[in-house]
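What the coordinates show
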Amino acid sequence: MMTVKDRTQAAYALEADRLTKSYGAQKALDGVSLKLEAGLIHGLLGRNGAGKTTLMSIATAQLFATSGEVRIFGQQPYENREALSKICFIKESQRYPDMFHVEDVLATARALYPNWDEALAGELVESFRLPRRKKIKGFSRGMLSSVGIVVGLSSRAELTLFDEPYLGLDAVARSLFYDRLIEDYAEHPRTVVLSTHLIDEVSRLLEAIHVIDGGRLLLSEDAESLRSRAYRVSGSAAKVDAVTAGRRVLRRETIGGSAVASVLAGEPGENGIGRAREAGLEAEPLPLQQLIVDLTAHAARGKEESA
Ligand SMILES: Nc1ncnc2c1ncn2[C@@H]1O[C@H](COP(=O)(O)OP(=O)(O)OP(=O)(O)O)[C@@H](O)[C@H]1O
């Protein structure tokens, strides 16, 4: 039995322990162990079909795991009203009853989320220009995404998970989402999980990065530390090879006598960029999007080689 003290001090909003979900022979999740620190904005990143939705669905008790365990603020979520009252999961595939207008969604959300902020919801409905008199059934994909964003932000849930929140949203609306998220998060700290493959756009928001691919966790790390570990060097192939020797090279391409390599250093403080520049090479931090692409391709090659 947890004490009140334990509960208020739960360091992790979400913990997964050897989580596996099988569909016949296919494993949507394959032994994922992961901890999401409370009070941060987390990026759950990975390609289509990586297992992101499956992980979030299990964490929010909408799907049973085949094996393994999940905890929300230290408690298992199944039939646990207290744990579930802390979660808002904005699903990409959310459907609404045919007769529903925006008002009906807000009324349902108001009843569901203990920290619901009606004024914020009203403001966001205006900002996203959501029509109040039109049935949601006739909404475009982008408008449906906006409804999810309004609910997710206004819920102020202790753990808010957004699964691909901006499908169909134009650039202005996406930028509005990022700005409002940052603003509201600063005033009302909580834990946010953004699952996406539009990585570069959100990278500045993310404080922790978790990458899954083929149902497996490839990386789980503080964004700051990752930014200082991941870099790209280019220049003379011999020099590139010299400075990257013994390091984890995710990708290496050569054109004539030149090479470009993506490196994930072992230690955050290694200063690979500085070393490469001293050696006369060009070096720069590897953008997060490129890191994920290189990392997943590297993992796929590793799998093929060990098969
Ligand atoms: N009900 C199901 N029956 C069979 N296979 C499923 C089912 N749900 C998910 N899968 C499979 O599990 C894998 C993981 O799916 P999941 O939806 O979790 O991925 P995702 O990372 O959220 O992808 P996306 O970014 O495309 O939404 C995929 O290969 C998918 O086809």
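Residues numbered from 1 in each chain as written. Predicted model: local features only at pLDDT ≥ 70, side-chain atom pairs only at ≥ 80, totals over all residues.

The protein chain is annotated in an unreviewed UniProt entry as ABC transporter ATP-binding protein from Paenibacillus pasadenensis.

Digging into the environment of Ser220
For the record, the criterion: By definition, any uninterrupted DSSP run of H or I lasting at least four residues is a helix, any uninterrupted run of E lasting at least two residues is a strand, and each is numbered from the N terminus.
Checked against the element boundaries, Ser220 lands in strand β9 (residues 216-222). Once the C-alpha coordinates of Ser220 and Ile87 are considered, the two residues, 133 residues apart in sequence, prove to be 21 Å apart.

Focus on the UniProt feature "domain: ABC transporter" (unreviewed entry) in the protein chain
For clarity, the cut-off: UniProt positions are given in the numbering used here, feature names are shortened, and annotations may be inferred rather than shown by experiment.
Feature annotation in UniProt assigns "domain: ABC transporter" (unreviewed entry) to the following positions: residues 14-239. Taken end to end, residues 14-239 comprises 35% helix and 30% strand; its first and last C-alpha atoms sit 44 Å apart.

Points about unusual backbone geometry
Across the chain, the bulk of peptide bonds are trans and the bulk of non-glycine residues have phi less than zero. Put simply, the test is: Counting other C-beta atoms within 10 Å of each residue's C-beta, where C-beta atoms are placed from the backbone, gives the exposure class: buried for 20 or more, exposed for 12 or fewer, partly exposed between.
A positive phi angle, near 60°, is found at Ala61, a position not held by glycine. By secondary structure assignment, the location of Ala61 is in the loop between α2 (52-59) and β4 (67-72). In this structure Ala61 comes out as partly exposed when scored by C-beta crowding, with 18 C-beta atoms within 10 Å. Phi is positive for Phe73, which is not a glycine, with a value near 45°. Within the secondary structure, Phe73 sits in the loop between β4 and α3 (81-84).

Observations regarding the domain arrangement of the protein chain
Note the threshold: Domain borders in the structure are assigned automatically or taken from a domain database. Contacts here follow a simple rule: the backbone-placed C-beta atoms of the two residues must lie within 7 Å.
Domain annotation of the protein chain identifies domain 1 (4-214) and domain 2 (225-306). Averaged C-alpha coordinates put domain 1 and domain 2 at centres separated by 33 Å. Between domain 1 and domain 2, the contact holds 8 residues from the first and 8 residues from the second. Counting only elements with at least two residues in the side of domain 1 that touches domain 2, the list comes to α8 (199-202) and β8 (208-213).

Some details on the site of the ligand
Inclusion rule: In this analysis, residues qualify as near a molecule or strand once their C-beta atom, positioned from backbone atoms, comes within 6 Å of it. Just so you know the grouping, Ala, Val, Leu, Ile, Met, Phe, Trp, Tyr, Cys and Pro go in nonpolar, Asp, Glu, Lys and Arg go in charged, and all remaining residues, Gly too, go in polar.
Taken together, Tyr23, Ala28, Gly46, Asn48, Gly49, Ala50, Gly51, Lys52, Thr53 and Thr54 form the complete shell of residues around the ligand. Take the shell around the ligand: its biggest share by element is 3 residues, from α2. Residue composition of the shell around the ligand, by class: 3 nonpolar, 6 polar and 1 charged.

Considerations on the confidence of the model for the protein chain
Worth spelling out the cut-off: Known as pLDDT, the predictor's confidence for each residue is given on a scale from 0 to 100.
A residue-level look at the protein chain finds 96% of positions with pLDDT of 70 or above and a mean pLDDT of 91. This model gives residues 1-8 a pLDDT under 50, and the stretch forms 6 contacts once residues within four places in sequence are excluded. Scoring of the predicted complex yields 0.91 for pTM and 0.95 for ipTM.

What about the sheet that holds strand β7 (residues 191-196)?
Cut-off, in case you're wondering: Two strands form a pair only when DSSP identifies at least two bridges running between them. Angles shown run from 0 to 180 degrees and are taken between the N-to-C directions of axes, each axis being a line fitted to C-alpha atoms and, for helices, limited to the stretch in contact.
Spatial ordering of the open sheet is given by β5-β6-β7-β3-β8-β9, a layout of 6 strands whose pairing is mixed. The two strands at the open ends of the sheet, each matched to only one other strand, are β5 (87-90) and β9. Sheet twist, expressed as the average angle between the axes of neighbouring strands with direction ignored, equals 15°. Note: strand β6 (residues 159-163) against β7, 5 bridges, orientation parallel. Opposite Phe162, over in β7, you have Leu194 as the bridge partner. Sheet contacts for α2: β3 (41-45), β5, β6, β7 and β8; angle to β6, the most-contacted strand, approximately 150°. Packed onto the sheet, helix α6 (residues 141-155) meets β5 and β6 and runs at close to 165° relative to β5.

Considering the sheet that holds strand β10 (residues 230-236)
Strand order in this open sheet of 4 strands is β11-β12-β10-β13, and the pairing throughout is antiparallel. On the outer flanks of this sheet lie β11 (248-255) and β13 (282-285), each paired with one strand and no other. For this sheet, the mean inter-axis angle between neighbouring strands, taken without regard to orientation, is 15°. Direction of pairing for β10 relative to β13: antiparallel, over a ladder of 4 bridges. Residue Arg232 lies in a different strand from β13, and its bridge partner there is Glu284. Where helix α10 (residues 237-244) meets the sheet, its contacts fall on β10, β11 and β12 (258-264), and the angle it forms with β10 comes to roughly 145°.

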